[in-house]
2 protein chains.
Amino acid sequence: MNFVLHLLRSQQKMKTKNKKEESGKAEDKIIQAARKLFTQKGYSAIKTRDIAQEAGVNLALLNYYFRSKEKLFEIIMKENFEKFMKVISEVVDNEKTTVKQKIEMLVANYIDMLSGNPDMPLFVLSHGKQDPQRMKMQAKFINSYFLKQVQQEIKSGKIAPIHPANLILNIVGLTIFPFIGRRILQSNASISQEQFADLMEERKVMIPKWIDAMLKVK
Amino acid sequence: MNFVLHLLRSQQKMKTKNKKEESGKAEDKIIQAARKLFTQKGYSAIKTRDIAQEAGVNLALLNYYFRSKEKLFEIIMKENFEKFMKVISEVVDNEKTTVKQKIEMLVANYIDMLSGNPDMPLFVLSHGKQDPQRMKMQAKFINSYFLKQVQQEIKSGKIAPIHPANLILNIVGLTIFPFIGRRILQSNASISQEQFADLMEERKVMIPKWIDAMLKVK
DNA sequence: GTCTATAATTCGATAGAC
DNA sequence: GTCTATCGAATTATAGAC
């Protein structure tokens, strides 16, 4: 009798597996749902039921795969922080590119990445608490070859003296602030989805030029 | 018998009242606590019990004075939005100041205001939903005398052509982004509380100069 | 692995004493 | 006006069937 039951279950499992492969496995669907919702609205505003529904799976599966809401959130938070840092680390320690080129790459890479993840900046900056993640992000800039190059250009008089923190705030602020203020900018029909995308493409070209002009100001 | 009870109650009321006057009335203490906590961590992350405890009053008093958590939150949200808009509206439609002066005032007024309310930007930008408040904020800029002046200076060739949205994003982004990224900037001991304040004072002077240089860039 | 049902806890809100 | 006590709904998490 048990053999029959087991057989039935195995068949069902196969069918289920085949069906799931069309739309991804449950574990993936949960991660995807969690990524979307947590990034959009943060930890507290999202309920585990929201995630289960968005994923199209049963509530119990969240705990089966991830033990708790908090563990699941930590995965998403880590993902987002790392995606955020990757842009910096890929650019900032390259010894073959100039200051100007690095700024161009930082701006372009961030705008490209954020165009596909527009809610990430608000998420990352809102959930900056006691995380060890951020120390890495900061260190990435502070000890970078980029800042050494900048110091050198200041000494040689090529650019005006500027506090490194102010330079970083300017580059990062000009680049990612539009995504932070995106909803306010759009929600009045004055700026549509497409217009926003066009603006960002324009800024991709202009921000490096603007920064260049700013760096001449004493 | 009822008279005695009433007398006792009145005396207790007097005592309570006197004591409360030292640290403000209950209603005020609740508002202050709600302002602090909601602005710091947003609506969902804060529980009514947190507010009651921070205010040093009983949980039931929140509903006695404000009917619900949501009503209380709306008061705080309105406060913050209006404080945010006030800076703009005080500057942007003045017909006696130049573009340059308006930018100087916007930057200085925002930095001064935010130095006392550093969590406000993240709060305002996070809770931008379906609120009618934002339409006002947007309209403030879009139909402003400031933008008319800018258009004129573009026509006269005094400044290079620029999309109004980009100009606004630049001014506002450079000014308030440091407060949004403040925790990440500070939490690594690399930038202390005082250093941050110094940086902001420096930016108060530099941002208008930077914008000025940017506006020459074609 | 996935589901149903439910336990355990938290949270917003209220009733009623004083 | 303020407090204690508690209700009812919402929410996270788990037990157990399949």
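Attention in this report is confined to the structure presented alongside it. All residue numbers refer to positions counted from 1 along the written sequence of the respective chain. To read the labels, note that chains go from A and ligands from 1, taken in the order they are written. pLDDT decides what is reported in this predicted model: residues at 70 or higher carry local features, side-chain atom pairs at 80 or more are listed and counted, and totals for whole chains, interfaces and linings draw on all residues regardless. Side-chain descriptors were evaluated using all non-hydrogen atoms of the structure, hydrogens and water having been removed beforehand.

### Looking at the overall build of chain A
What chain A contains, in helices and strands, is 12 helices and zero strands. Helices and strands appear in chain A in the N-to-C order α-α-α-α-α-α-α-α-α-α-α-α. With 218 residues in all, chain A has 47% of them scored as buried. As displayed, chain A offers around 11900 Å² of accessible surface, 53% of which is attributable to carbon and sulfur atoms. In this text, helices come from DSSP runs of H or I with a minimum length of four residues, and strands from runs of E with a minimum of two, each type numbered from the N-terminal end. Three labels apply to residues, based on accessible area from a 1.4 Å probe with only protein chains included: buried if under 20% of the type maximum, exposed if over 50%, partly exposed otherwise in between. Methods summary: accessible areas were calculated by the Shrake-Rupley approach with a probe of 1.4 Å, and residue burial reflects only the protein chains presented.

### A few points about the protein's contact with DNA strand D
Around DNA strand D sit 16 residues in total, of which T48, R49 and K69 of chain A together with N58 and Y65 of chain B are the nearest. Backbone atoms, meaning sugar and phosphate, form 63% of the atoms of DNA strand D found within 4 Å of the protein. Here a phosphate oxygen of DNA strand D sits 2.8 Å away from a polar atom, N or O, in the main chain of K69 of chain A. N or O atoms closer than or at 3.5 Å make up a polar contact, with two conditions inside protein: a donor-capable atom paired with an acceptor-capable one, and, for residues adjacent in sequence, both atoms drawn from side chains. A distance of 3.0 Å separates a phosphate oxygen of DNA strand D from a polar backbone atom of N58 of chain B. Looking at the surface near DNA strand D, the elements that each hand over two or more residues are α3 (48-55) and α4 (59-66) of chain A together with α4 (59-66) of chain B. Per element, the largest residue contribution to the surface near DNA strand D is four residues, and it comes from α4 of chain B. By the convention adopted, Pro, Cys, Tyr, Trp, Phe, Met, Ile, Leu, Val and Ala count as nonpolar, Lys, Arg, Asp and Glu as charged, and the other residues, Gly among them, as polar. When its residues are assigned to classes, the surface near DNA strand D shows eight nonpolar, four polar and four charged. In these notes, residues near a molecule or strand are those with any non-hydrogen atom within 4 Å of it.

### A closer look at the nonpolar core
Of all hydrophobic cores here, the largest spans 137 residues; its most connected members are I51 and F146 of chain A together with I51 and F146 of chain B. The contact criterion used is simple: two residues touch if any of their non-hydrogen atoms lie within 4.5 Å. In this structure, F146 of chain A is in contact with V92, V99, K102, I103, F141, L167 and I171 of chain A, ignoring residues within four places of it in sequence. We define a nonpolar core as any set of buried Ala, Val, Leu, Ile, Met, Phe, Trp, Tyr and Cys residues linked to one another through side-chain atoms lying within 4.5 Å.

### Quick notes on the interface of chain A and chain B
Counting residues at the interface gives 42 residues for chain A and 43 residues for chain B. Summing both sides of the interface, chain A and chain B together bury roughly 4000 Å²; the carbon and sulfur share of this comes to 70%. Here a salt bridge means any side-chain nitrogen of Lys or Arg lying within 4 Å of a carboxyl oxygen belonging to Asp or Glu. Across the contact surface, chain A and chain B share zero salt bridges. Among the elements of the structure, α7 (120-126), α8 (132-142), α10 (164-180), α11 (182-186) and α12 (193-214) of chain A are those that each provide at least two residues to the side of chain A that touches chain B. Ranked by residues supplied to the side of chain A that touches chain B, first place goes to α10 of chain A with 11 residues. Looking at the side of chain A that touches chain B residue by residue, the classes come out as 24 nonpolar, 12 polar and six charged. Here the quantity called buried area is the total loss of accessible area, with a 1.4 Å probe, experienced by two parts when brought into contact, counted for both.

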